[in-house]
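Structural features, examined
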Amino acid sequence: MPQTTRRTFLSASAAGAAVAGAVTLAPAALVRNPLDTDNPLAPVRTGGPLVAYVEDVSSGDVTLLVGEEEVVVHDPDLATAIARAASRR
Amino acid sequence: MSSHREAPEVSKDPVADNTDVYAFVSPDRPDTVTLIANFIPLQHPDGGPNFYEFGDDVLYEIKVSNSGDAQPDVTYQFRFTTRVKNANTFLYNTGPIKNIGDATFNRPQTYSVVRVARGHQPQRLATRLAVPPVNIGPRSTPSYASLAAQGVHALPGGRTVFAGQRADGFWVDLGSVFDLGTLRPFQHLHLIPMADAPGVNGLQDSNVHTIAIQVPKSDLARGGHTPTSVGDAGSVIGVWATASRQRSKVYDSDGHPDSFGPFQQVSRLGNPLVNEVLIPMASKDRWNAQTPHGDSAFAKYVSRPELAGLLPVLYPGVFPHLKAYTKPRADLLAILLTGIPTGVVPGFQNFTGSTQADMLRLNLAVPPSSKPNPLGLVGGDAAGFPNGRRLTDDVVTIELRAVAGLTIPLVDKSFTPDAATSAITDGTHNTNAAFLGHFPYLGTPAGGFQSRPGTPHS
């Protein structure tokens with residue numbers, strides 16, 4: 001914790017300058033959430049990770065959760081293939 | 001409690017737990033309405049080192065219906081983003097925080113506000129608005145009241161917004177009401193009697209996280225008008241708040257969660273105590289996930305409230321009239337699910353139509369009261385609950401008395417309330433932090449250093 005000294009605790013302005021230096025050196029640590037929640041109108045990203053959810057294999061429906069969207073694909077072969085893959089350990 | 005920890009699932013998800021909703025014509029700016037939604041219940045002021053904060057993965061919304069169908073016509077959406085300025089310290093603050101933007105505030109949150117009008121494209125009102133830190137103590141957050149005031153932001157269109165920690169404005173004797181419905185001032189009459197005692201405010205010194213927005217009446221009313229006639233159906237709005245999470249959350253190998261899919265509502269609140277007291281435990285989570293538009297499915301729990309049947313059992317001989325009353329509770333159905341139509345209370349109505357929906361109904365044409373009565377409408381003050389809800393309204397007493405039969409004569413003149421009904425109270429009064437005379441009205445949150453834990457007994 002090199003930026004924290006007795007002086008920084010007693011002087012808000014001094015501590016501010018020290019931490020600003022740390023920010024410059026480690027910008028990747030600034031943003032924790034991968035979604036830009038400050039910009040809720042941003043378009044859905046493509047090519048990113050997604051979750052496939054099969055609630056009932058016999059229905060043939062596969063729910064794809066991507067970004068803030070949901071796509072339901074009716075594909076019995078895909079649903080069965082996912083179920084079979086999940087049963088292999 | 002009003003809606004603190006009121007349902008099994010959301011009680012395990014406090015960041016999304018909506019504790020109270022308020023809607024009132026602003027007393028110091030009567031051309032505006034203030035809408036308040038509180039989240040994250042029962043905060044210990046000293047709850048560090050990772051202090052309470054809004055959820056980046058939660059969609060917070062305050063919704064308003066003005067067309068009588070209990071669907072949202074105006075929605076305000078709030079989304080939060082948390083940053084860590086200094087990744088090399090465990091400290092929430094690396095020195096005193098004197099201003100909201102100080103670099104010593106190591107874990108600041110910002111948020112966006114979006115207004116969605118039914119049938120229109122969403123309108124972004126602001127981004128990157130600062131949330132004040134929590135009230136840690138005199139060294140970390142000196143002059144907290146003025147520090148928090150920096151979190152009041154002006155928005156376009158004459159709107160004002162605040163998001164951050166506040167003192168809880170709700171009061172109730174938690175310890176007694178959940179111990180088989182005990183009311184300490186009358187507990188010698190309880191089925192398991194004890195000596196009478198004063199009430200204990202279980203929420204004293206407890207903080208919450210508040211989202212408050214103050215908007216012109218025309219921002220909410222049907223057709224964008226400013227209502228002036230109490231009798232006009234267009235003067236009434238229905239208000240509720242929600243919290244939603246994306247359908248799926250996945251943790252990566254570093255322990256960081258990522259969320260996927262559309263938002264699913266997990267918390268809902270309109271009138272206080274509805275899901276808490278009226279809806280059975282097995283249905284509470286489902287109730288939280290529904291829209292008010294579908295509340296007819298729950299109307300049976302309002303027309304035959306379990307609590308009305310329990311009172312004569314828990315207090316033998318005290319409620320003979322209530323015990324003998326077997327009709328559906330048309331009074332509660334009106335107060336909570338449709339609003340009070342014209343002709344029931346002289347000079348007043350907040351009827352939103354026949355659609356049964358739990359919404360906090362506010363007649364915008366009723367001016368603020370110069371001398372607010374904590375008992376609201378049943379106390380002769382039409383500016384208070386159940387006409388909207390002000391911070392000072394004693395909703396526990398109002399609803400206890402209503403469930404016990406005080407409001408039945410509004411719709412059934414043949415019924416005479418039991419003598420005890422108008423005296424019912426849990427014995428508490430507002431001993432929380434003093435309310436402010438201006439936006440955001442809720443009091444300064446209790447400080448971690450300044451507050452003292454309670455005294456346990458077993």
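A brief structural summary. (Residues numbered from 1 in each chain as written. Chains lettered and ligands numbered in written order. Predicted model: local features only at pLDDT ≥ 70, side-chain atom pairs only at ≥ 80, totals over all residues.)

Concerning the sheet that holds strand E9 (residues 207-216) of chain B
Residues and elements named next belong to chain B. Across the sheet, 5 strands lie side by side as E1-E2-E9-E8-E7; this open sheet has antiparallel pairing. For this open sheet the edge positions go to strand E1 (18-25) and strand E7 (152-155), each flanked by a neighbour on one side alone. Each strand axis lies, on average, 15 degrees off the axis of its neighbour in the sheet, ignoring direction. (Pairing = 2+ DSSP bridges. Helix = DSSP H or I, 4+ residues; strand = E, 2+ residues; numbered from the N terminus. Axes fitted to C-alpha atoms, helices over the stretch in contact; angles between N-to-C directions.)

Focus on unusual backbone geometry
Residue and element names in this part refer to chain B. A cis geometry characterises the amide bond from Phe385 onward to Pro386, with omega recorded as 5 degrees. On the secondary structure map, Pro386 appears in the loop between strand E12 (360-363) and helix H9 (395-403). For the peptide bond that leads from Phe439 to Pro440, omega is 5 degrees, which places it in the cis range. Within the secondary structure, Pro440 is located in the segment after H9. Of note in this structure, Ile40 is not a glycine but carries a positive phi near 60 degrees. For Ile40, a count of 21 C-beta atoms within 10 Å corresponds to the buried category. For Asp205, which is not glycine, the phi dihedral falls at a positive 70 degrees. Its place among the elements puts Asp205 in the loop between helix H2 (174-177) and E9. (Buried ≥ 20, exposed ≤ 12 C-beta atoms within 10 Å, placed from the backbone.)

Examining the pairing of E1(B)
Residue and element names in this part refer to chain B. For E1, the buried fraction is high: 8 of the 8 residues fall into the buried class. Relative to strand E2 (residues 32-43), E1 runs antiparallel, the two sharing 7 bridges. Residue Phe24 lies in a different strand from E2, and its bridge partner there is Thr34. The loop that links E1 with its antiparallel partner E2 comprises 6 residues.

Coordinates in, geometry out; function isn't part of it.
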